[in-house]
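Residues per chain, in single letters:
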Amino acid sequence: MLTYTLEPHTSVPLYEQLIRRIKEDISSGILNPGEKLPSKRSLAGNLGISTVTVETTYQQLIAEGYITSAPRRGYFVSDISSLPSVSVTQDPMDHRSKTEPTLREIPPVYTTDFSNSATPGENFPFTIWAKLSREVLSGESSRLLKTSPGTGIPELRTAIARHLYSYRGISCSPEQIVVGAGTEYLYGLLIQLLGFNRVYGVEDPGYRKISRVYQSYGVSCRHIPLEDFGKCPEILNETEADVLHISPSHHFPTGRVMPIRERNILLQWATEGDRTIIEDDYDSEFRMVGQPIPSLFETDPFGHVIYMNTFTKTLASTVRISYMVLPEGLMNRFRERLAFYSCTVSNFEQYTLSLFLTSGSFGRHLNRMRNYYRAKRNRILAILTDSPLASRMRIREEDAGLHFLMELDMQMPDQCFTEKCAAEHIRITPLSTYYHDPGQAPQHIFVINYSSLDETRLPDAVRKMAGILRDERTT
């Protein structure tokens, strides 16, 4: 039986303490791969805590890949062996638009758009932002017109560093942070920093704009299947990639969370050569069940991981303020080679965002948005599960981010289904379109973005989709 001493009167919740202790025992080998863990009820009784606390603990450990569950058998320790020197990250407190626009002379009109992931304008905190903007104009007028450092004003970088520590458990100094207007701009800086002669690996499937940006700079780009990240470092060596651009905490478009064993394999791969991992944490703030997954940056003890995030998802799609956290070695190289660049975000926006963060307004806004999207997701799922589509539908990866997957039981090709939906003014994107080779992709799985979805039109759209599938069986 597991026996731990938990402190009920500290600021750290009991389930966080228990998660850390079990992680430590798994990472140190005290708990061996395949070993069965106590049942929720017996562990709760032994530690004198509630079964809800144990349930929360086990679910978070499952999400991170430390343990697995088997129906009617219980919970078992996963095999996370790879890098013995990689420390277990501490659990923190808890971007870009994934819309893939196609160029058309006359854009079609959709009454229901499952592909649009823009942030609804009505959710932007206009009143608070306006108040803080006035404070900046009156209180920072002497500094607004002064040239800021190329990495961003110190006030904003300090506020971001504090936010990362509070919400993601990331310890970094403000001097390691670079602020820029959008992640695409930061990608360009990284190519210049890391080298045009490097080979850049991206996830397959993945967010297509990333590979397009790399290719536009003329660098070699490899599309690496997701399953290869969980294999031995030698498999990654065969890709010849020097830099990997990944989203381990919540992959787009599959919604997958990278388990700890695969993370350790990636870190081992990076330490075996002069290699770099770019960790894109684009929507980690919106994990709906359990805590946010610990960042790879904080787990990395060797300085091979670059952390990137943006305020696009949390504030608005048009707020083009992003940032990256560089390991100290790369930060020194940045100062030597790229310090001549000017910051691409205006001082006015930087000071306003800094005040928004330090005043606590961002934290309150984030909690409000997390509750808003959780409630919206639940309503949408309820509409789907109570619809005529329910018997031919399976929902997957709905616990994190602002999208999930919908798998349909059908025979027609995905392209045929999307065209029939478009004829009904419904826009929906198959998962296969995010693969480098769509012909090798799993079929009949669709990406459902719900951040800007019009719920009032959803029942009618679902009935039309069910009708398309019904017609398939009658023809």
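Residues numbered from 1 in each chain as written. Predicted model: local features only at pLDDT ≥ 70, side-chain atom pairs only at ≥ 80, totals over all residues. Heavy atoms only, no water.

> Please clarify how the overall build of the protein chain should be interpreted in this entry.
Looking only at helices and strands, one finds 16 helices and 15 strands in the protein chain. Here the C-alpha radius of gyration of the protein chain, 23 Å, is about what a compact globule of 475 residues would show, namely 23 Å. Considered along the principal axes of its C-alpha atoms, the protein chain spans approximately 70 × 65 × 50 Å. The centroid of the 51 positive side-chain charges in the protein chain is displaced by 4 Å from the centroid of its 55 negative side-chain charges. (Helix = DSSP H or I, 4+ residues; strand = E, 2+ residues; numbered from the N terminus. Rg over C-alpha atoms; globule rule 2.2 N^0.38 Å. Lys, Arg positive; Asp, Glu negative; His and termini not counted. Charge placed at Lys NZ, Arg CZ, Asp CG, Glu CD.)

> In this structure, what is going on with the pattern of salt bridges? I would like to understand it.
Oppositely charged side chains can form a pair if their charged atoms are brought close together. Taken as a whole and assessed by the stated rule, the structure comprises 22 salt bridges. A cluster of three or more residues bridged by salt bridges with shared partners is formed by Glu424, Asp460, Arg463 and Lys464. (Salt bridge = Lys/Arg side-chain N within 4 Å of Asp/Glu carboxyl O.)

> Can you help me understand the side chain of histidine 304 in this one?
Tracing the backbone shows histidine 304 in the loop between helix H11 (296-299) and strand S9 (305-310). A polar contact is formed between the side chain of histidine 304 and the backbone oxygen of arginine 275, at a distance of 2.8 Å. (Polar contact = N/O pair within 3.5 Å; in protein donor to acceptor, adjacent residues only side chain to side chain.)

> What is the right way to read the sheet that holds strand S7 (residues 243-246) from this model?
As a general point, the strands of a sheet are linked pairwise by backbone hydrogen bonds and lie either parallel or antiparallel. If you trace the seven strands from one edge of the open sheet to the other, you get S4-S10-S9-S8-S7-S5-S6, paired in mixed fashion. At either end of the open sheet lies a strand with only one pairing partner, and these are strand S4 (177-180) and strand S6 (220-225). Here the average twist between neighbouring strands, direction ignored, is 20°. Pairing between S4 and strand S10 (residues 322-325): four bridges, direction antiparallel. Bridging across to S10, valine 178 finds its partner in methionine 324. Running over the sheet, helix H6 (residues 154-168) touches S4, S9 and S10 and is turned about 110° from S4. (Pairing = 2+ DSSP bridges. Axes fitted to C-alpha atoms, helices over the stretch in contact; angles between N-to-C directions. Contact = heavy atoms within 4.5 Å.)

> Whenever I open this one, helix H4 (residues 126-139) confuses me. Can you help?
Since the α-helix packs 3.6 residues into each turn, any two residues three or four apart lie on the same face. Between the first and last C-alpha of H4 there are 20 Å, a value that for 14 residues agrees with the 20 Å anticipated at 1.5 Å per step. The complete set of buried residues in H4 reads Trp129, Leu132, Ser133 and Val136. The buried residues of H4 all sit within an arc of 110° when viewed along its axis, so they share a single face. When the buried face of H4 is taken as reference, the exposed residues oriented beyond 90 degrees from it are Thr127, Arg134, Ser138 and Gly139. (Expected span 1.5 Å × (residues − 1). Buried < 20%, exposed > 50% of the residue type's maximum accessible area, 1.4 Å probe, protein only. Arc of directions from axis to C-beta.)

> Explain the pairing of S6 here, please?
The side chains of a regular strand alternate between the sheet's two faces. Examined bridge by bridge, strand S5 (residues 199-204) and S6 share six bridges and lie parallel to one another. By the bridge assignment, tyrosine 200 is partnered in S6 with cysteine 221. Handedness of the β-α-β unit built from S5, helix H8 (residues 208-216) and S6 comes out right-handed. (Right-handed = clockwise from strand over helix to strand, strands pointing away.)

> What exactly am I supposed to notice about the packing of helix H7 (residues 183-194) against H8 here?
When two helices pack together, their arrangement is given by the angle between their axes and by how far apart the axes lie. At their nearest, the axes of H7 and H8 sit 10 Å apart, and the two run at 45° to each other. When the axis of H7 is compared with that of H8, the two are oblique. The element H7 and its partner H8 pack so that their crossing is right-handed. The segment H7 lies against H8, with Glu184, Tyr187 and Ile191 engaging Lys209, Ile210, Val213 and Tyr214. In the contact of H7 with H8, the residues fall into five nonpolar, no polar and two charged. (Parallel < 35°, antiparallel > 145°, perpendicular 65-115°, else oblique. Left-handed = near helix turned anticlockwise from the far one by under 90°. Nonpolar A, V, L, I, M, F, W, Y, C, P; charged D, E, K, R; others polar.)

> I tried to follow the packing of H4 against helix H13 (residues 347-358) on my own but got confused; where do I start?
One way to put it is that H4 packs onto H13 with a least axis distance of 9 Å and a crossing angle of 120°. Relative to H13, the element H4 lies oblique. Crossing angle aside, the handedness with which H4 passes H13 is right-handed. Mapping the contact onto sequence places Ile128, Trp129, Leu132, Ser133, Glu135, Val136 and Leu137 in H4 and Phe348, Tyr351, Thr352, Leu353, Leu355 and Phe356 in H13. Considered class by class, the residues forming the contact of H4 with H13 number ten nonpolar, two polar and one charged.

> Is there a simple way to think about the side chain of threonine 310 in this case?
Assignment of secondary structure puts threonine 310 in strand S9. At a separation of 3.0 Å, a polar atom in the side chain of threonine 310 contacts the side chain of threonine 312. Only 3.3 Å separates the side chain of threonine 310 from the backbone oxygen of isoleucine 321, close enough to count as a polar contact.

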